[in-house]
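Spelled out, the chains give:
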Amino acid sequence: MVKKLALDYDAHELRLVVANVNGNRVAVTDIQLIPINEGESASEKLRRYVNDAGLQKTETLVAIGRGKAELRELQLPAVPDEELPDMVRFQAIRSFASASDRAIVDFLVTERSSEGITLIAAAVPPSELDRERELCSTSDLPLERVALRPLAAASLYLGQQKSAPVTVMIDLLANDAEIVVAREGKVIFVRTVRLPENQEHRPGAIVSELRRTMMACGETKTPQKVVVWGNADVHSAEVNAIKEKIGCDDVQAISPFDLVDVQVAHEKMPEHTGRFAPLVGLLNSSTANADVLIDFMNPRRRPEEKPDHLRRIAMIGIPIAAVLLVGFMIYRQFSQWDRKIAVLQDEINLLIPSAEQADESIDRTEKIDQFLDRDVNWLDELRRFAELAPPSDKLIVRSINGNALTAGGGYLRLTGGVTESSVIDQMQSSLRDETHGVVVKDTNVQQGDDRYRWSFTETITVDGNDLRNLRYERMEAQLASTEASSTEASSTEASSTEASSDDESVTEEIDGGSQMTPPADEPDDDENSETSDVDATDESAAEGDDKATPETDEASEAAPTGDQPSESKSEEEVST
């Protein structure tokens, strides 16, 4: 349990209650009512008591009266709970006379419906809180709460007793009376009134103020229950006056210490225990039911969004993970590229010697090609000219000069004459093509009887690249012919191989058949007869050959000497 100190003071006395608090359980260990004489301060009295009791560093709860705070009942539209504190503060600054932008505003909702919200709002200036902080700091007491006194007393009764539909709680102080009206267990109205100094006039004043309070809060009926804080023998006059004048049968005087555990001797209990009701209620509600208090140290504010650590971690971690993932993917891609580059570099290193040899071969081939580009086949060129030139009855060539050029190719220069100038144009058109350039100049007309009186000089140019292309085309054609020949030879050899294998198989079958034939056991007479038959056959065949010889000779003498296939064929048949 936590030890706490609740205090309340005015100009006449300092009231203290020390208790051990654990949730809703309160165990009172000390009660003090310290008078404050003229010239003395509550701060001195409190410091002296704290030092004597050794209560330094004890959590302190302070109750302040209605006179130190400004209270108003406000009607607001139905808004969400998170928006209500800002709206109350804005409305309080406009409605309260002494409230400023720096004022501390707290509120307690009394009624809520779909149409609007009814609440009690209270405001204190910052100077009042500074005064309470200074009071506690001089005694080395940490200030935990500064609550409104009437609501603290009401929370003690409403939190532990079953309340009537309309309940009135009256706290009688030295010179004041705090009246709290509750409906269905919720505070709806708070009022503080001044009491006369004459004790005889107080019961009647209390009854009058109670009627005004009921009218002010809109309750025209008699309250079902009235609670007067204090001992019954001390406040019997007030209780009886309320029963007679108000007409309420359920009027009780209740001591606040009867509602909690008290570990103080009865002899040390103060006479006016009702004045300690706010302090006991503040201790009872400080931990478990703080929402029923108006606390200026902890006013209601817009709920702060709790930091979502998982969201923050996700917001920070996801981008970092994405960056790391992208970095890993980039690193992996670069690693793969490095490995590919290394493999390709090894392949390049292996190919470098071959490439160098190929370069050398290309250089040698280029030199050979450059040399062969100057080797013009003049016979081919002359044959081409003879095939494409006009006939001899129109053209005569008097001289031909062929020269090879150093850069490759060459030219063939011809001089001659034609019968007409149009023959020159015709010849020029027929000789010019993609690989031959033709230039005609020095065209002259000679006077005389010469038939070829139009003389000309024509130059036929052959480019070295064209010669090279032609040379390679011929080489490719020759290679293709060679490959075709080799393919045909291979197929012919395969066919002959298959035929020889077939002959061998037939021979083996014949040999096998002769081995399977058994020897014949026949008489010698038969063998002689067969031999004689064969000899007779041979002699008849020889006689037939001798008779055919003269006919064959006659046919050979009658055969002509020219190439006559049919007669050659008959000779072969006769010879056969």
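As shown above, the structure is provided for reference.
Below or above, wherever it landed, is the structure these notes cover. Values in this document were obtained by computation on a predicted structure and should not be read as measured data. (Residues numbered from 1 in each chain as written. Predicted model: local features only at pLDDT ≥ 70, side-chain atom pairs only at ≥ 80, totals over all residues. Heavy atoms only, no water.)

## So, the overall build of the protein chain
Looking only at helices and strands, the protein chain has 13 helices and 18 strands in total. Burial status across the protein chain gives 35% buried among its 576 residues. Sequence-distant contacts, at least 24 apart, represent 65% of the contacts inside the protein chain between residues at least 6 apart. When the accessible surface of the protein chain is totalled, it reaches about 35100 Å², and 50% of it is carbon and sulfur. (Helix = DSSP H or I, 4+ residues; strand = E, 2+ residues; numbered from the N terminus. Buried < 20%, exposed > 50% of the residue type's maximum accessible area, 1.4 Å probe, protein only. Contact = heavy atoms within 4.5 Å. Areas by Shrake-Rupley, 256 points an atom, 1.4 Å probe, with all protein chains shown as cover.)

## Quick notes on the packing of aromatic side chains
Tallied over the entire structure, the rule returns three aromatic pairs. Pairing Phe 257 with Phe 276 gives two aromatic rings, centres 5.9 Å apart and planes at 45 degrees, and the pair type is tilted. In this pair, Phe 257 is assigned in the loop between β13 (251-254) and β14 (261-262) and Phe 276 in the loop between β14 and α7 (277-285), connecting sequence segments 19 residues apart. Each member of the pair, Phe 257 together with Phe 276, is buried. The ring of Tyr 9 has Lys 68 sitting right over it, with the charged end atom 4.2 Å from the ring centre. Positioned above the aromatic ring of Phe 107 is the side chain of Arg 300, whose terminal nitrogen or guanidinium carbon lies 5.6 Å from the ring centre. (Phe/Tyr/Trp six-rings, centres within 6.5 Å; stacked < 30°, edge-to-face > 60°. Lys NZ or Arg CZ within 6 Å of the ring centre and 35° of its normal.)

## Comments concerning the sheet that holds strand β17 (residues 436-445)
Spatial ordering of the open sheet is given by β15-β16-β18-β17, a layout of four strands whose pairing is antiparallel. One side of each edge strand has no neighbouring strand; the edge strands of this open sheet are β15 (395-404) and β17. Across the sheet, the axes of successive neighbouring strands diverge by a mean angle of 15 degrees, strand direction being ignored. Here strand β16 (residues 409-418) runs beside strand β18 (residues 454-463); their pairing, made up of 10 bridges, is antiparallel. By the bridge assignment for β18, Gly 416 is matched with Phe 456. (Pairing = 2+ DSSP bridges. Axes fitted to C-alpha atoms, helices over the stretch in contact; angles between N-to-C directions.)

## Overview of the nonpolar core
Nonpolar side chains in soluble globular proteins tend to be buried together. Ranked by internal contacts, the top residues of the largest apolar core, which has 68 residues, are Val 28, Leu 46, Met 169, Val 187, Trp 229 and Phe 296. When residues of this core are assigned to their parent elements, the largest contribution, seven residues, is made by helix α4 (residues 149-160). For Met 169, the contacting residues outside a window of four places in its chain are Ala 154, Tyr 157, Leu 158, Glu 178, Ile 179, Val 180, Ala 182, Val 227 and Trp 229. The next biggest cluster of nonpolar side chains, apart from the first, holds 24 residues, and it includes Val 166, Ile 170, Phe 189 and Val 251. (Core = buried A, V, L, I, M, F, W, Y, C linked by side-chain atoms within 4.5 Å.)

## Regarding the side chain of Thr 118
The residue Thr 118 is located in strand β7 (residues 117-124) in this model. Residue Thr 118 is classed as buried on the basis of its relative accessible area of 9%. Those residues in contact with Thr 118 that sit more than four places away from it in its chain are Glu 73, Leu 74, Gln 75, Val 109, Thr 110 and Glu 111.

## Focus: the sheet that holds strand β5 (residues 70-76)
The antiparallel open sheet is built from three strands, whose spatial order is β5-β7-β6. Across the chains shown, the open sheet's two edge strands, defined by having one partner strand only, are β5 and β6 (104-112). Each neighbouring strand pair of the sheet contributes to a mean axis angle of 25 degrees, computed without reference to strand direction. Relative to β7, β5 is paired through seven bridges, and the arrangement is antiparallel. Directly across from Arg 72, in β7, lies its bridge partner Ala 121.

## Section: the layout of surface pockets
Its volume calculated, the largest pocket comes out at about 460 Å³. Forming the boundary of the largest pocket are 17 residues, of which Asp 380, Glu 381, Leu 467, Leu 470 and Arg 474 lie nearest the centre. Elements with a minimum of two residues in the lining of the largest pocket: α9 (378-388) and α11 (464-516). Partitioning the lining of the largest pocket into residue classes produces five nonpolar, three polar and nine charged. (1 Å grid on protein atoms, 1.4 Å probe; cavity = no way out; pocket = protein on both sides within 12 Å on 5 of 7 lines; lining within 4 Å. Points joined across faces, edges and corners; volume = space filled by probe spheres on them. Nonpolar A, V, L, I, M, F, W, Y, C, P; charged D, E, K, R; others polar.)

## Points about the packing of α9 against helix α10 (residues 421-431)
It is at 10 Å that the axes of α9 and α10 come closest, and there the two elements cross at 130 degrees. Comparing the axis directions of α9 and α10 gives the class oblique. When the axes of α9 and α10 are compared, the crossing they make is right-handed. Across from Arg 384, Phe 385 and Leu 388 in α9, the residues of α10 making contact are Met 427, Ser 430 and Leu 431. When grouped by side-chain class, the residues that make up the contact of α9 with α10 number four nonpolar, one polar and one charged. (Parallel < 35°, antiparallel > 145°, perpendicular 65-115°, else oblique. Left-handed = near helix turned anticlockwise from the far one by under 90°.)

## Description of the environment of Ser 285
Along the chain, Ser 285 turns up in helix α7. Accessibility expressed as a relative area gives 1% for Ser 285, which makes it buried. For the pair formed by Ser 285 and Asn 24, sequence separation is 261 residues and the distance between their alpha carbons is 7.2 Å. Once you skip the residues sitting within four places of it in the chain, Ser 285 turns out to touch Ser 155, Ala 290, Val 292 and Leu 293.

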